[in-house]
Amino acid sequence: MPDDGVPYLAQLTVRLTEGLARQTDAFRKLHGAYLRRLQNSDGGFSGREGDSDLYYTGFALRGLAVVDELTPEVCDRAAGFLRQSLNRQASVVDFFSLLYACLLIQMQGGPDVLADSPPDWPERVAALLETYRTPDGGYAKTAGGPSGSTYHTFLVALCYQLLNRPVPAPESIERFLDSRQREDGGYVEIAPMKRSGTNPTAAGVGVRQILAVQDGRSEEYSDDKLEDLLASMQNAEGGFQANARAPLADLLSTFTGLWTLDRIGALARADQPAALHYVQSLELPNGGFRGGLWDDHADVEYTFYGLGALALLPH
């Protein structure tokens, strides 16, 4: 359940860290070592191919933080990559990944990546975020988008919390969310979609709760239809599907489905033993998690989702 008034990401980090503290030291060290092995020479992290980027660097640092394996050496090296990334053109995803990575490093006693930035850098970032605002009240991935995205609106709201600033014009965001919510209680990513999905629903609920904190309201979010929808996304594999038509479950949807049920006080609606079996089946002996039963390899992003899902499940 939400802890009213505490920023969303702080609640997430505490919840996952406490959940993973129930795991053995060997488990945490195994996955910490896996993530550290993937740090590149420039200090950043990659996906399954390509150069270091902010998105995967953010996931690697988050994964290391929740298993208490974010070491000073990793922080120092990652800080170098983040400094090199400060002046690159960025999407909303990149801005969020950068801001959160900087915060994680500083919280672990690492360097302040933004120390040499102009004193008004938070105002500059906020002004840039507003260029992603769309006529429907949401936010797009990049500046000038014609319509909002539920996911990117969620990321912008998180960015404002990281900047310790209120999200501007929250009433227009509420109207945007109303336009993305469907009769089943869930949310869609873009306006033409008719069927709710697990991940946009997690984003929609997250934005609602962030705006509630900003307005001084309770974050409690009770909706029987929403609970029914999320519970229905768990399939025979034990994991959650991205939507009702997805052929297979995946670890991203499993984590976001479990996290959202937990946030609305309805985690009991999930078949938790089945979900636990599913997540554990995706763990690899040398560390890391695959994305689903259909996947052959681990990566930093799915490893974070696997760790997060295990943190939420009793075992």
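How each quantity is defined
- Along every chain, residues carry numbers that run from 1 in the direction the sequence is written.
- Given that this is a predicted model, residues contribute local features only at a pLDDT of at least 70 and side-chain atom pairs are listed and counted only at 80 or more, while totals for whole chains, interfaces and linings are drawn from all residues.
- Side-chain metrics rest on all non-hydrogen atoms present in the structure, leaving aside hydrogens and water.
- Axis lines are fitted to C-alpha atoms, over the contacting stretch for helices. Their N-to-C directions set the angle, which ranges from 0 to 180 degrees.
- The numbering of helices and of strands both runs from the N terminus, where a helix is a DSSP run of H or I of at least 4 residues and a strand a run of E of at least 2.
- An angle below 35 degrees is treated as roughly parallel, one above 145 as roughly antiparallel, one from 65 to 115 as roughly perpendicular, and anything else as oblique.
- Here, two residues are considered to be in contact whenever any of their heavy atoms come within 4.5 Å of each other.
- Under this grouping Gly is polar, as are all residues other than the nonpolar Ala, Val, Leu, Ile, Met, Phe, Trp, Tyr, Cys and Pro and the charged Asp, Glu, Lys and Arg.
- Within this scheme, the nonpolar core is defined by two criteria: the residues are buried Ala, Val, Leu, Ile, Met, Phe, Trp, Tyr or Cys, and they are joined through side-chain atoms within 4.5 Å.
- Note on classification: 1.4 Å probe, protein chains only; a residue is buried when its accessible area is under 20% of the maximum for its type, exposed when over 50%, partly exposed between these limits.
- Only protein atoms enter the 1 Å grid used here, on which a cavity is any set of points holding a 1.4 Å probe that cannot leave and a pocket is any open set flanked by protein within 12 Å on both sides along at least five of seven lines; residues with an atom within 4 Å of a point are listed as lining.
- Grid points are joined across faces, edges and corners, and a volume is the space filled by probe spheres set on the points.
- In this analysis, rings of Phe, Tyr and Trp, with Trp reduced to its six-membered ring, are considered paired at centre separations within 6.5 Å, and the interplanar angle assigns stacked below 30 degrees, edge-to-face beyond 60, and tilted for intermediate values.
- Only when the NZ of Lys or the CZ of Arg is both within 6 Å of the ring centre and within 35 degrees of the ring normal is a charge said to sit over the ring.
- Definition used for salt bridges: Asp or Glu carboxyl oxygen within 4 Å of a side-chain nitrogen of Lys or Arg.

**Student:** Could you give an account of the packing of helix 1 (residues 8-20) against helix 3 (residues 54-66), naming the residues involved and the relevant values?
**Tutor:** The geometry of helix 1 relative to helix 3 is characterised by a closest axis approach of 8 Å and an angle of 50° between their N-to-C directions. Classed by the angle they form, the pair helix 1 and helix 3 counts as oblique. Where helix 1 abuts helix 3, its residues Leu-12, Thr-13, Leu-16, Thr-17 and Leu-20 lie against Arg-62, Ala-65 and Val-66. Of the residues assigned to the contact of helix 1 with helix 3, the class counts are 5 nonpolar, 2 polar and 1 charged.

**Student:** Can you lay out the nonpolar core for me, pointing to particular residues and giving the numbers?
**Tutor:** Core analysis: the biggest nonpolar cluster contains 93 residues, and Leu-61 and Leu-82 have the highest contact counts within it. No other element matches the 11 residues that helix 5 (residues 92-107) contributes to this core. Leave out the neighbours within four places in its chain, and Leu-82 touches Leu-54, Thr-57, Leu-98, Ala-101, Cys-102, Ile-105 and Val-113.

**Student:** Let's hear about empty space enclosed by the protein: which residues, and what values?
**Tutor:** Scanning the entire structure with this criterion turns up 1 cavity of 30 Å³ or more. Of the volumes computed, that of the largest cavity is approximately 40 Å³. Of all the secondary structure elements, the ones that give two or more residues to the lining of the largest cavity are helix 1, helix 3 and helix 5. Residue contributions to the lining of the largest cavity peak at 3 residues, all from helix 3. Of the residues contributing to the lining of the largest cavity, the split by class is 6 nonpolar, 1 polar and 1 charged.

**Student:** An account of the packing of aromatic side chains is requested, with residue identities and associated values reported.
**Tutor:** All chains considered together, the criterion is met by 12 aromatic pairs. Here the aromatic rings of Phe-255 and Tyr-305 are separated by 6.0 Å at their centres, their planes lie at 25°, and the arrangement is stacked. With a gap of 50 residues between them, Phe-255 in helix 11 (residues 251-263) and Tyr-305 in helix 13 (residues 300-312) connect regions that are remote in the sequence. Across the pair, exposure class does not vary: Phe-255 and Tyr-305 are buried alike. Relative to Tyr-305, the ring of Tyr-302 lies with its centre 5.9 Å away and its plane at 70°, an arrangement referred to as edge-to-face. Within this pair, Tyr-302 and its partner Tyr-305 are both found in helix 13, separated by 3 residues, close to a single helical turn. Residues Tyr-302 and Tyr-305 agree in their burial class; the two are buried. A cation over a ring is seen here: Arg-62 above Phe-304, with NZ or CZ 4.5 Å from the ring centre.

**Student:** Mind laying out the pattern of salt bridges, listing which residues take part and the relevant values?
**Tutor:** Inspection of the entire model under this criterion finds 16 salt bridges. When the shortest N-O distance is used, the salt bridge between Arg-208 and Glu-174 registers 2.5 Å. You can see Arg-208 sitting in helix 9 (residues 198-214) and its partner Glu-174 sitting in helix 8 (residues 170-180), a full 34 residues away along the chain. A network of salt bridges, in which partner residues are shared, links Glu-174, Asp-178, Arg-208, Asp-215 and Arg-217.

Geometry only, nothing functional implied.
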